[in-house]
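So you can see what is in the structure, the chains are spelled out below.
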Amino acid sequence: MTMQILDPTNEKVPIRRELSDRPDVISGHVALLDISKRQGDVFIDRLEAVLSERLPGVEFRRYRKDTFARPAPEDLRRRIAEDCGFVIEALAD
Amino acid sequence: MTTGTSLPEFRLFDASGSEHLFPTGRPTVLCFAKHDCPTCELSMPLLLRMHEAFGDSVDVWAVSQDAEGEPTLIEEFGTSMPVLDDSSLAVSWNYGIETVPTIILTDGRGEELGRWWGFARDDWRGLVGRLESLTDLEPPAVDWDTYPEARPGCGSRSLEPGLYERLSADSAESPLRARRVDVADGDDVMEFLFDKGLTDGLPVVPPTPERVLRMLSGTQRHAQDVVAMVPPNLATVTVEKIAINAVMAGCRPEYLPVVIASIEAVCTDDFNIHGVMATTMGAAPVVVVNGPIRQRLGINMGLGCLGQGTRSNATIGRALRLVLRNVGGAKPGGTERSTFGSPSKFTLAFAEWEERSPWVPLHVERGFEPEDSVVTVYALSGGPSLVVDHRSRTAESLATSIALVVRGIQDPRAQARGDVLVVVSPEHVDTLHRDGWTKNDLREAIQGATSIGLRHPDLATPKVPELDYIHLVVAGGEAGKYTAIFEGWVRDVGSVPTSRKIED
């Protein structure tokens, strides 16, 4: 259930979850995260092939969760955050 | 029975999903009921008889307060009479229902013609008579002798703890005006508060409208009263905003007046909280409480009073800091530039043990009446430095020990520029009192014993610039020959200790 709280600040700025800024250009390293759901790798293989053609200057790095049933472990999240500027998480079945 | 004015409109649904709008344009009987109330059970068959007899001209509705009980009410009575779902209790709240059953008779425009509580046989007979005269219809044949003369009702669900606060917070009369923030499904509210930078680094109690409303019950001041302008943003802080942060800090409602007085005290030109927060010296606002409110709130003035473990001590000081952070915008790395910070910046509030002290209490020294409850705030950048003196048997000897620790604070070779708060333990004050020493005797001894010319003998000056910069209170556990020295920040260009009376 949505919980409601009262704003403890002077209300000059909004309090809400905000998405990170989205860059205009995709560059550097892009993480492809396989959550280990069945056939996720098939989907990510195809995605990598298509995106590599479209974004020749970008390096794709593959990551994999041990199980789709749990959130990504902290170590994996930290490694992705350190290594990559973008992440594509693939859900397949 | 009472009569009132125009009742608010409402829209409720019955179990079949049919909408019922009030007022209806016809005379109406509303019976607020809940299933597990024996007096409601006694009344419902009579209500059904009213519906059967007068239903052609009068709307007779049962208004059910509980969703769980409603199927039973519907099963027993709902096939012929509308049983409306008010399990949200919005209508019960708006109509001021305190007891069930409550029966309200209105005219077709929603004007209240009569209201009855519980069960009274004569009231029901009177209601039948009223409906008869309103409609010219034949009254139902009721064997009134089979009914008891009177039965008390049950409490309305809208007054149950928890529900009452929720309904108050959501009602049109709610004193709450702060922006409401929705924390989404699946989001952890504690993590949300951390992520939005609204805590001091420790978890806070989520300030739900219900909790804030309960907090506001701790003061007689109006929720929208402006208490101060809080630096560094010079943001207006209302009683409500203080209450929100007091909830987050973990305060009980009765602590709120102490927090309000503390905010008033620090947001003065004299105290200069902007400078206190900004200084690299790491000053923290420290609250000392005097007067009768100490006992009422259980503020610790004895064993462990400067430490953890007492809710009032811990949360009053923390609420003050959260207001400065959240409303004023004082955050480390922003306008807070302390080199080291200080554990006192989380919270530090305690009370003087006036009853254990032979001396005039702090607040009386500062011009208040003994029966006044008062906060005094200090900008303290260090301490407590402990004077551990188990050997002195005379006041003079003990004063020398205290003075030498005072001499050592900050740069031992330089004069301090600020105040010094000396917290004397019961055992130490006994030593001083045995020789008849007053607070001023101790102050003068400190000044005398610290007048050392460390750079040149001819340049001897006391450590503390003025006699009245030395503040003395008695507190702490019965066992222990210790005195705790807190070093103030800077007086002349900085902060002046400030007191405020605590008002309910």
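## Focus on the overall build of chain B
Moving on, step 1. Regarding its fold elements, chain B presents 16 helices and 21 strands.
Moving on, step 2. In summary, chain B has a C-alpha radius of gyration of 32 Å against a globular reference of 23 Å for 504 residues, an excess of more than 25%.
Moving on, step 3. Projected onto its principal axes, the C-alpha positions of chain B cover 110 × 45 × 35 Å.
Moving on, step 4. Burial status across chain B gives 55% buried among its 504 residues.
Moving on, step 5. Only carbon and sulfur atoms are counted for the fraction: they give 50% of the accessible area of chain B, which is about 21200 Å².
Moving on, step 6. The positive charge centre, built from 46 side chains, and the negative charge centre, built from 70, are 10 Å apart in chain B.

## Let's talk about the overall build of chain A
Moving on, step 1. A count of helical and extended segments in chain A gives two helices and four strands.
Moving on, step 2. Ordered by position from the N terminus, the helices and strands of chain A form the series β-β-α-β-α-β.
Moving on, step 3. Since a compact globule built from 93 residues should have a radius of gyration of about 12 Å, the 17 Å found for chain A marks it as more spread out than a globular shape.
Moving on, step 4. Taken along its principal axes, the extent of the C-alpha atoms in chain A is 50 × 30 × 25 Å.
Moving on, step 5. By sequence separation, contacts in chain A at least 24 residues apart represent 71% of the contacts at least 6 residues apart.
Moving on, step 6. Each charge class in chain A was averaged separately, 16 positive and 18 negative side chains, and the resulting centres sit 4 Å apart.

## Regarding the interface of chain B and chain A
Moving on, step 1. On the chain A side, the residues contacting the 31 residues of chain B number 18 residues.
Moving on, step 2. Summing the contributions of chain B and of chain A, the shared interface buries around 2300 Å²; its carbon and sulfur component is 55%.
Moving on, step 3. Looking at the side of chain B facing chain A, the largest losses of area belong to R179, V181 and K196 of chain B, adding up to 27% of the total buried there.
Moving on, step 4. When the shortest N-O distance is used, the salt bridge between E11 of chain A and K241 of chain B registers 2.7 Å.
Moving on, step 5. Counting across the interface, chain B meets chain A through 14 residue pairs in polar contact (both at pLDDT 80 or more).
Moving on, step 6. Secondary structure elements with two or more residues in the side of chain B that touches chain A: β12 (180-183), α6 (189-195), α7 (209-216) and α8 (239-249) of chain B.

## A few points about the packing of α7 of chain B against α8 of chain B
Residues and elements named next belong to chain B.
Moving on, step 1. Direction vectors running N to C along α7 and α8 enclose 110 degrees, while the axes themselves pass 9 Å from each other. Relative to α8, the element α7 is oriented roughly perpendicular. In the packing of α7 onto α8, the handedness of the crossing is right-handed. Taken together, the residues of α8 that come into contact with α7 (itself represented by R211, V212, M215 and L216) are V239, E240, A243, I244, A246 and V247.

## What about a negative patch on the surface?
Moving on, step 1. A cluster of like negative charges, contributed by D36, E41, E75, E76 and E160 of chain B, occupies part of the molecular surface.
Moving on, step 2. Within the fold, E41 of chain B resides in helix α1 (residues 38-54).

## A closer look at the sheet that holds strand β4 (residues 86-90) of chain A
Residue and element names in this part refer to chain A.
Moving on, step 1. The strand order across the open sheet built from three strands is β3-β2-β4, with neighbouring strands paired in parallel fashion. Of all the strands in the sheet, the pair left with one neighbour each is β3 (59-64) and β4. Between one strand axis and the next, the sheet turns through 25 degrees on average, direction left out of account.
Moving on, step 2. In this sheet, β3 lies alongside strand β2 (residues 29-34) in parallel orientation, the contact comprising six bridges. Across the sheet, H29 pairs through a bridge with E59, a residue of β3.
Moving on, step 3. Relative to the sheet, helix α2 (residues 74-83) contacts β2, β3 and β4, its axis offset from that of β3 by approximately 175 degrees.

## Here we look at the domain arrangement of chain B
Moving on, step 1. In terms of domain boundaries, chain B breaks down into domain 1 (10-160) and domain 2 (189-501).
Moving on, step 2. If you average the C-alpha positions of domain 1 of chain B and of domain 2 of chain B, the two centres end up 59 Å apart.

## Some words on unusual backbone geometry
All names here are of chain B.
Moving on, step 1. A cis amide bond, omega 0 degrees, links P231 with the succeeding residue P232.
Moving on, step 2. Along the chain, P232 turns up in the loop between β13 (226-230) and β14 (235-238).
Moving on, step 3. That bond from G383 to P384 is cis: its omega, 5 degrees, falls within 30 degrees of zero.
Moving on, step 4. Tracing the backbone through its elements, the reader meets P384 in strand β17 (residues 374-388).
Moving on, step 5. The phi dihedral of D136 is positive, around 65 degrees, even though this residue is not glycine.
Moving on, step 6. Among the secondary structure elements, D136 is positioned in the loop between α4 (121-135) and β10 (150-151).
Moving on, step 7. In the Ramachandran plot, N272 falls in the positive-phi region, its phi being about 60 degrees despite a non-glycine side chain.
Moving on, step 8. Position of N272 relative to the elements: it lies in the loop between α9 (256-266) and α10 (273-278).

What counts and what doesn't
- Residues numbered from 1 in each chain as written.
- Chains lettered and ligands numbered in written order.
- Predicted model: local features only at pLDDT ≥ 70, side-chain atom pairs only at ≥ 80, totals over all residues.
- Heavy atoms only, no water.
- Helix = DSSP H or I, 4+ residues; strand = E, 2+ residues; numbered from the N terminus.
- Rg over C-alpha atoms; globule rule 2.2 N^0.38 Å.
- Buried < 20%, exposed > 50% of the residue type's maximum accessible area, 1.4 Å probe, protein only.
- Areas by Shrake-Rupley, 256 points an atom, 1.4 Å probe, with all protein chains shown as cover.
- Lys, Arg positive; Asp, Glu negative; His and termini not counted.
- Charge placed at Lys NZ, Arg CZ, Asp CG, Glu CD.
- Contact = heavy atoms within 4.5 Å.
- Buried area = accessible area lost by both parts, 1.4 Å probe.
- Salt bridge = Lys/Arg side-chain N within 4 Å of Asp/Glu carboxyl O.
- Polar contact = N/O pair within 3.5 Å; in protein donor to acceptor, adjacent residues only side chain to side chain.
- Axes fitted to C-alpha atoms, helices over the stretch in contact; angles between N-to-C directions.
- Parallel < 35°, antiparallel > 145°, perpendicular 65-115°, else oblique.
- Left-handed = near helix turned anticlockwise from the far one by under 90°.
- Patch = residues over 30% accessible without salt bridge, like charges linked within 9 Å, V, L, I, M, F, W, Y side chains within 5 Å.
- Pairing = 2+ DSSP bridges.
- Domains from an automatic or database assignment.

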